[in-house]
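A structural walkthrough
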Amino acid sequence: MPIKLLNQQVYYENGGNPFKGLHRWFSRKPLSFSRASVLASLLPGSISLEEFEYLLGIYSEGELEFLQKSGLSKEEKEKKIKSAVKLYKTPPGSKRIQKVHDYCEETWGTRTPVVLDAFAGGGSIPFEAARYGLRVYGSDLNPVAVVTMKAAMEYPLRFGPDLQVDIDKWVKWVGDEAKQRLAEFFPSNPSQGGEPEKVQNYLWAHTVQCLSCNSTVPLSPNWWLDRSPGAGKKGQWCAVKPIPNLEEKRVDFELIRGKKGKGTTILYHPDEQFLNPSEQVLGADDDKNVVRSSPSLGGSISEQDARTTAKNDLLEFDPNDYSTISRGVGKCPNCGNVIEDDVIKSQGQAEGLGHQLYAVAYKKGKGSLEFRIPTELDWEGFLNANDFIADSKNRNRWEASSFLPIQEIPSNTHRGPDMYLYGIYHWHQVFNPRQLLTLVTYVEIINEAKAKIQEECETEKAEKIASVQDDFEKVAELEDYYRAKVESISIYLGLVMDRCVDKNSRLTIWDTSAIKVNRASTTHSLNLMWNYPESSGDWRLWLWCAATVSDDYTKLCGYLGIEINLSNIQDIETHAEKTIQIDAASADSLYHISDNSVDAIITDPPYYDAVRYGELSDFFYVWMKANLQDIFPNIFINELTDKDREAISNPGRFRNMGASPEDLANQDYEAKMVLAFGEYYRVLRDDGVMTVQFNHKESGAWDTLAKSLIDAGFEITASWAVSTENPQNLHQAKKNSVSSTVLLVCRKRDPNAQQAWWDDLRPEVANLVESRAPEFEANDITGIDLYLSAFGPALNVFSKQYPILDSSGQEVRPEEAFAEARKAIANYRFRNLVQTETAGFDPLTQWYLLAWDAFKAREFPFDEARQLALAIGGFNVSDLAKTHKLLNSASGTCKLLTPQQRLKKRAFSLNDQEFTCHHLVDGLHAILALYQEEENLQLVRRFLKNTGLVSNDLFMKTLEVAFKVIPETVSEHQVLLNLWLGMDEIKAKVVVEQLEIPFQEEAQLNLFDS
Ligand SMILES: C[S@@+](CC[C@H](N)C(=O)[O-])C[C@H]1O[C@@H](n2cnc3c(N)ncnc32)[C@H](O)[C@@H]1O
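Residues numbered from 1 in each chain as written. Predicted model: local features only at pLDDT ≥ 70, side-chain atom pairs only at ≥ 80, totals over all residues. Heavy atoms only, no water.

**Structural notes on the confidence of the model for the chain**
When pLDDT is averaged along the chain, the result is 87, and 89% of the positions lie at 70 or above. Counting contacts from residues 274-283, a segment whose pLDDT is below 50, to residues more than four positions away or on other chains yields 47 contacts. Predicted confidence is poor over residues 286-311, with pLDDT under 50, and the contacts of this stretch with residues over four places away or in other chains come to 73 contacts. (pLDDT = per-residue confidence, 0-100. Contact = heavy atoms within 4.5 Å.)

**Describing the packing of aromatic side chains**
If you walk through the whole model with that rule in mind, you get 42 aromatic pairs. Seen from their ring centres, Phe 317 and Tyr 322 are 4.8 Å apart, and the 55 degrees between their planes marks the pair as tilted. Taking the relative accessible area as the measure of exposure, Phe 317 reaches 1% and is therefore buried. We classify Tyr 322 as buried; its relative accessible area is 12%. (Phe/Tyr/Trp six-rings, centres within 6.5 Å; stacked < 30°, edge-to-face > 60°. Buried < 20%, exposed > 50% of the residue type's maximum accessible area, 1.4 Å probe, protein only.)

**With respect to the sheet that holds strand S31 (residues 887-890)**
The strand order across the open sheet built from three strands is S30-S32-S31, with neighbouring strands paired in antiparallel fashion. The two strands at the open ends of the sheet, each matched to only one other strand, are strand S30 (859-861) and S31. On average, each strand axis in the sheet is inclined to that of its neighbour by 25 degrees, with strand direction left out of account. The pairing of S31 with strand S32 (residues 893-896) spans four bridges and is classified as antiparallel. Residue Ala 890 lies in a different strand from S32, and its bridge partner there is Thr 893. (Pairing = 2+ DSSP bridges. Helix = DSSP H or I, 4+ residues; strand = E, 2+ residues; numbered from the N terminus. Axes fitted to C-alpha atoms, helices over the stretch in contact; angles between N-to-C directions.)

**As for the sheet that holds strand S14 (residues 329-331)**
As a general point, the strands of a sheet are linked pairwise by backbone hydrogen bonds and lie either parallel or antiparallel. Read across the sheet, three strands follow the order S13-S14-S15 without closing on themselves; strand pairing throughout is antiparallel. Each edge of the open sheet is held by one strand with a lone partner, namely strand S13 (325-326) and strand S15 (338-339). Sheet topology places S13 next to S14; two bridges connect them, and they run antiparallel. Looking at the pairing, Ile 325 lines up with Gly 330 of S14.

**Focus: the site of the ligand**
Taken together, 24 residues form the shell around the ligand, and within it Lys 29, Gly 122, Asp 140, Ala 587 and Asp 604 come nearest. Here a nitrogen atom of the ligand sits 2.6 Å away from a polar atom, N or O, in the side chain of Asp 604. Here the residues of the shell around the ligand are counted per class, giving eleven nonpolar, seven polar and six charged. (Near = heavy atom within 4 Å. Polar contact = N/O pair within 3.5 Å; in protein donor to acceptor, adjacent residues only side chain to side chain. Nonpolar A, V, L, I, M, F, W, Y, C, P; charged D, E, K, R; others polar.)

**Here we look at unusual backbone geometry**
Here Tyr 802 and Pro 803 are connected by a cis peptide whose omega angle stands at -10 degrees. The topology assignment puts Pro 803 in the loop between helix H26 (791-798) and strand S29 (804-805). Even without being glycine, Ser 402 reaches a positive phi, approximately 55 degrees. In this structure, Ser 402 sits in the loop between helix H15 (392-400) and helix H16 (415-421). On the basis of relative accessible area, Ser 402 is assigned to the partly exposed category, the value being 41%.

**So, the packing of helix H31 (residues 920-934) against helix H34 (residues 971-982)**
For the pair H31 and H34, the least separation of the axes is 10 Å and the interaxial angle reads 85 degrees. As summarised for this structure, H31 and H34 are arranged roughly perpendicular, according to the angle between their axes. Along its contact with H31, which presents Leu 924, Ile 927, Leu 928, Tyr 931 and Gln 932, the element H34 presents Ser 971, Glu 972, Val 975, Leu 976, Asn 978 and Leu 979. Its residues assigned to classes, the contact of H31 with H34 comprises seven nonpolar, three polar and one charged. (Parallel < 35°, antiparallel > 145°, perpendicular 65-115°, else oblique.)

**As for the environment of Ser 719**
Counting through the fold element by element, Ser 719 comes out in strand S26 (residues 714-723). Among residues more than four places away in sequence, those in contact with Ser 719 are Val 742, Leu 743, Leu 744, Arg 772, Gly 792 and Pro 793.

**Thoughts on the pattern of salt bridges**
Evaluation of the coordinates by the stated rule reveals 57 salt bridges. Here Asp 480 ties to Arg 483 by a salt bridge, and the two come within 2.5 Å at their closest N and O atoms. Residue Asp 480 and its partner Arg 483 are located together in helix H18 (residues 472-503), separated by three residues, close to a single helical turn. Arg 519 is paired through a salt bridge with Asp 502; the nearest N and O atoms lie 3.6 Å apart. Taken together, the residues span a long stretch of sequence, with Arg 519 in the loop between strand S19 (516-518) and strand S20 (531-535) and Asp 502 in helix H18 at a distance of 17 residues. Since its relative accessible area comes to 22%, Arg 519 is described here as partly exposed. Several salt bridges share partner residues, and in doing so they unite Arg 158, Asp 480, Arg 483 and Glu 487 into one network. (Salt bridge = Lys/Arg side-chain N within 4 Å of Asp/Glu carboxyl O.)

Spelled out as structure tokens, the structure:
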């Protein structure tokens, strides 16, 4: 496997691309990586790395010849070639495909082996297999994934680029209809000369009532509108400023625009600002109780705000200073009252949070985006929508046609209970009334479009059938062709619609740095936002989403390298060379596939509790169902996605069952994975290969996966690790995360394999792991990824025989092999870090340094802390918190304490007479704490001298290693740097490299971060 090359290819895929852009799917795997997984599973082991790279698409044939013939080293040759191919964009050419088919014929006895992925998700693996013209089965339990795959592969392969014309025609039709039907709800201010204004977005804040002064309080963590670099350069940063209006029991707003001042302040001229319109709009609560204010002006800036100061005629305003909500607790700008979190929640539950419009984003002609304070007319549009949606006539009509997503958000989900806290119990409630009206209107129009598409296709079909007369085969072909055509166009309309859903809800984010709307599904959680944007439903939303989604169709045809073949029916094109079958199926019941019929399985199963696919995709499913239920009645049969059969570990489903929900959820996951791998075993031919991609930071997940594989009858014959995650995308930068994926290559185990004794295998595991570690590091696999990558070789040894027994005859679980692997890596890493003899370092200090080295973060799962402690040995894990006070642990995670926190807990003393250095880490923390308390190098110097640490070589080595392993962004690193710079006695013994400190932007808060 060309690991480094793949790491680079994976990196190229971090931007958008039409395959990913079609619909949000969670934990998609990169295409280049999936392509390599497919080829590595199918090609014979004897081919050279260069040829493998050529078949992947990296080199041209000429380049391959050059690589193979010239006497230069591989690196020198590659430098000369400097291939800049981006695999994900580039379909393999026909020569490469022929060659792959030749190899397949040699290895598998068929030119086009059958490839299966039954956990296919967004479809990266089937897509790559289809690009090579293999016979592909792709399936997933989740209908949203299935529809996405059909759109990405099935229809492009079947209809080729020509379908784009039909897609465009109907996307436009829906857009035109929406414009007409929704215009009255999105009125524009009359043009006062010049270009008319076109409103693009409305910016809303959720509201509550202040219990002290009874004012309506808009809640927002800050009041930025535009802090983009472009606006910064033009001196046009923009925000709104809340203006208290106690008399009217509301908060008004003033628009502030100016240049960047100190920190995050805006410097502006008061005369250039835009005062409130004569009547301010307050908002409506979820029950549509509209709150309207009487005319008023916001008052003069200087009267209103003591913090506003004059500076050369310019005033200063910091939109972050005027936050009305922080960590779930609100503050009333009118009376200063603190609005507790439970008050906000109980108001949310009783009558729903209200909505206040605080700004409007618009364009004039080709001008750039501008902002203004809302007017009465803006408000009227919203009120009309409110009335329309509250009208029982409309509601009944929509409910009868199942257009309104009234499904309940299940209470046993992760987000459900959070949403309940704010009074959101049903999916339609995650939209404000006008957002809902917009989306339901789209559904209504799409359903009308489908009827028209059907009609058109029927007419065309009837003409064609007349021309083929009684040829039943051709008639059947035509029937099938037009059925699929209606399906495909309808699906594309549904995809545009889902993009609109993603961009227009109370969960969307106004990105003030890029002045655009960010999708609700940007992260792996659906968060209700305190403030959120709405897009103009009559034009902007549909047009904008259609532009991204529907154009992707032609691009995908290009990605698939589709060549057109004419069928034997006139004017009907087929693209039969590349075939794929996409099904909705649970991986434990692949009824559509017969026994021993699949040559290769390449699969990426769910990772324990990493992603709740069903829960997250319900947000889309309810709308997809409204659009596509009649076309795919079997796929959209359930009210919501099927969480019962979903193979994830979800404790929410096992509450109040008398045992630990986590344990029950894990057992459930394990049972499902055993069934799924059992089904894979059934359909795979006896000499077939199965490659499993796995990526999870907790070793418990590995144990479960490995046990299920082994129990189903597989052995792991090889493994590779590849970086597959963009470090910037890791969801919680403060916490440790895994950024690589391990590929486990499995074969059916020899049914006659004998049992083996663990004591005999144990040294073999350690040796193999240590021998592979340098290779992993050479491929940039470090930190916790290195430990996890070592599990592959450990399983190599462990899974050959079955069962593996301990000395008392009990079956040993894979976790024993992982513990051995971890021990081998811990030894290997520590030796590398200290670069000398490791004897003399106490186990606690080793643990501390290796924890930073592995997790590169202060926070990580407690179980990993425990496993690392076990790997090192020599102390009791529970003493880490209790006796040594090195960490705090709660709810399964732990946090390394800072030197000062440990000092407060009396883990060590700063009095040099009392200090005893049982553990080198205490000495390290003592000098860090001492310097942080006093900022006095002299005191540190004296402490080192009096305690004898200054002449302790192991201690100096500890400082050196700590400097290497503690990330630069962590305060301990900074203090160490200061000590090193200021103290010659340390400088003389400690070698360090200074690194830059990256700047971190503060994050936006959402309701559930509180
Ligand atoms: C890690 S994801 C696959 C991601 C995929 N490789 C991609 O690139 O998009 C795992 C998939 O397993 C699916 N899944 C969960 N339980 C399943 C089951 N019982 N049967 C089939 N698929 C299931 C989830 O819906 C999810 O799409």
